[in-house]
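Coordinate inspection notes
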Amino acid sequence: MRVRVRMIRKKNEIHALNGTVIDSLESNSVKDAPSINVVNKALATRTLVKNGDFKLNFGGKSEYTQKGESIYKWNLAGEPFDSTLTVNDDGTITIQNNSTANSYFSQNINISGKHIANVKVLNIGGTCELYFGGNSENLNLDVGENRFLLDSNANEVGIRLRQNSSITLEYIDLFEGNIELPHIEETYQEAFERCKNENGSIYVVDVDVNNLKYSGLYVISGNNQLNTPSKDIWFIRVEASTNDRVIQWATIGRGGQTYNRNLLNGTWSDWLLI
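Residues numbered from 1 in each chain as written. Predicted model: local features only at pLDDT ≥ 70, side-chain atom pairs only at ≥ 80, totals over all residues. Heavy atoms only, no water.

Quick notes on the overall build of the protein
Filter applied, for reference: Helix and strand assignments come from DSSP, with helices taken as H or I runs of at least 4 residues and strands as E runs of at least 2, each series counted from the N terminus. The classification of residues rests on relative accessible area computed with a 1.4 Å probe and restricted to protein chains. Under 20% of the type maximum is buried, over 50% is exposed, and intermediate values are partly exposed. Note on definitions: a residue-residue contact is assigned when non-hydrogen atoms from the two residues lie within 4.5 Å. Note that accessible areas follow from Shrake-Rupley with a 1.4 Å probe, and for residues the cover is restricted to the protein chains shown.
For the protein, the helix and strand inventory stands at two helices and 20 strands. By residue count, 37% of the 274 residues in the protein fall in the buried class. For the protein, the proportion of contacts with a sequence separation of at least 24, taken over those separated by at least 6, is 51%. On the protein, roughly 16,200 Å² of surface is accessible, and the fraction owed to carbon and sulfur atoms is 46%.

Here it is as structure tokens:
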């Protein structure tokens, strides 16, 4: 007896979904789907560098010519020191070292073991290198993406500019491990949130308080601070509905006095003691 075996094929069915692609992982809908960019950000390993896209510039300057902190979290150094950091209109930065000695643009960070650094260079003049906590290797940079596998201890990472050198940077990343990961640009809000300390505050030295227009809690110190009620240590709470409607409360660090002012249509009011 012969047995016939018939293959049964089911036709493919396509069902249309009336969902929406959203820029969030949070949704109560079974139809909405997060965008690929949101998924990539959620899966990505975060760079260990803070403000690696150079978005936070609480000093509000377009040029920095002094040693110490320039854009947030990044320090300029060298001896003798003769360097200028320029914040470009497109969000990149350019550092020019006019000194006869090396100049440094770096961030304090404690790491050990294997890490991959990723530096995007748009323009370079002279000799510039990845600076990795005093590492004596000549890790020369060139135009484009520069990736380096590092395996040692360090307490800072950044750029070393040899005498009479310059460099334009788009970003600096540092990832733990030895797997090459893509750069994912942070928004201003993401950079701000990652720079908060464990108390939820942003510490800023010698800042122009007129530039604090993003909601959050700031701790202000330094001898060259501008537009605080007086030179002191201040806890400043900022509430902003838009960039032109901002309220600030300033409480003196040693307790007691609290002042208030607001920004409306581009003009700051005077500080008033509450």
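Observations concerning the packing of aromatic side chains
The following threshold applies: Only the six-membered ring of Trp is used, alongside the rings of Phe and Tyr, when aromatic pairs are assigned; centres must lie within 6.5 Å, and planes under 30 degrees apart are stacked while those over 60 apart are edge-to-face, with the rest tilted. Only when the NZ of Lys or the CZ of Arg is both within 6 Å of the ring centre and within 35 degrees of the ring normal is a charge said to sit over the ring.
Scanning all chains against the criterion turns up eleven aromatic pairs. Aromatic side chains F54 and F105 sit 6.1 Å apart centroid to centroid with 65 degrees between the ring planes, which places their arrangement in the edge-to-face category. Residue F54 is found in the loop between α1 (36–43) and β3 (63–64), and its partner F105 is found in strand β8 (residues 103–111); the two are separated by 51 residues along the sequence. By relative accessible area, F54 is classed as buried at 4%. On the accessibility criterion, F105 (0% relative accessible area) is buried. Pairing W74 with F105 gives two aromatic rings, centres 4.7 Å apart and planes at 10 degrees, and the pair type is stacked. Placement of the pair is W74 in the loop between β4 (68–69) and β5 (75–78) and F105 in strand β8, with a sequence separation of 31 residues. Put simply, the rings of F58, Y72, Y188, F192, Y214 and Y218 pair up and form one aromatic cluster. R237 extends its terminal NZ or CZ atom over the ring of W249, reaching a point 4.2 Å from the ring centre. Directly above the ring of W268 sits R261, whose terminal nitrogen or CZ lies 3.9 Å from the centroid.

Some details on unusual backbone geometry
In the segment running from E79 into P80, the intervening peptide bond is cis, with an omega of -5 degrees. Secondary-structure assignment places P80 in the loop between β5 and β6 (83–87). For N164, which is not glycine, the phi dihedral falls at a positive 55 degrees. Following the sequence through the fold, N164 ends up in the loop between β12 (154–161) and β13 (165–176). The phi dihedral of D206 falls on the positive side, at around 50 degrees, and the residue is not glycine. On the secondary structure map, D206 appears in the loop between β14 (201–205) and β15 (216–221).

Points about the side chain of N57
Put simply, the rule is: We define a polar contact as two N or O atoms separated by no more than 3.5 Å, with the added condition that, inside protein, one atom must be a possible hydrogen donor and the other a possible acceptor, whereas residues neighbouring each other in sequence contribute only through side-chain atom pairs.
Relative to the assigned elements, N57 resides in the loop between α1 and β3. Overall, N57 belongs to the buried group, its relative accessible area being 19%. Within the structure, N57 has its side chain in polar contact with the side chain of Y64 (distance 2.4 Å). In contact with N57, not counting residues within four places along its chain, are Y64, I71 and V87.

Remarks on the confidence of the model for the protein
Counted only if it meets this: As a per-residue measure, pLDDT reflects the predictor's confidence and takes values from 0 up to 100.
Residues with a pLDDT of 70 or more make up 85% of the protein, whose mean pLDDT is 87. Contacts from residues 5–10, a stretch scored under 50 in pLDDT, to residues over four places away or in other chains number zero contacts.

Points about the layout of surface pockets
Formally: Cavities and pockets are found on a 1 Å grid laid over the protein atoms alone: a cavity is a set of points where a 1.4 Å probe fits but cannot escape, a pocket is an open set with protein on both sides within 12 Å along at least five of seven lines, and a lining residue has an atom within 4 Å of such a point. Grid points are joined across faces, edges and corners, and a volume is the space filled by probe spheres set on the points. When residues are grouped by polarity, Ala, Val, Leu, Ile, Met, Phe, Trp, Tyr, Cys and Pro land in nonpolar, Asp, Glu, Lys and Arg in charged, and all others, Gly among them, in polar.
When its volume is computed, the largest pocket comes out at roughly 410 Å³. Lining the largest pocket are 20 residues, and of these K61, Y64, E69, V205 and D206 sit closest to its centre. Sorting the residues of the lining of the largest pocket by element identifies β3, β4 and β14 as the ones contributing at least two each. Residues of the lining of the largest pocket, tallied by class, amount to eight nonpolar, six polar and six charged.

Quick look at the sheet that holds strand β9 (residues 114–125)
To keep things clear, this is the line we draw: Strand pairing is defined by DSSP finding a minimum of two bridges between the two strands.
With antiparallel pairing, six strands are arranged side by side in an open sheet as β3-β6-β7-β13-β9-β11. Edge positions in the open sheet fall to β3 and β11 (144–151), since each of these has one partner strand only. In this structure, β9 lies alongside β13, joined through ten bridges in antiparallel fashion. Following the sheet pairing, V119 is matched in β13 by I172.

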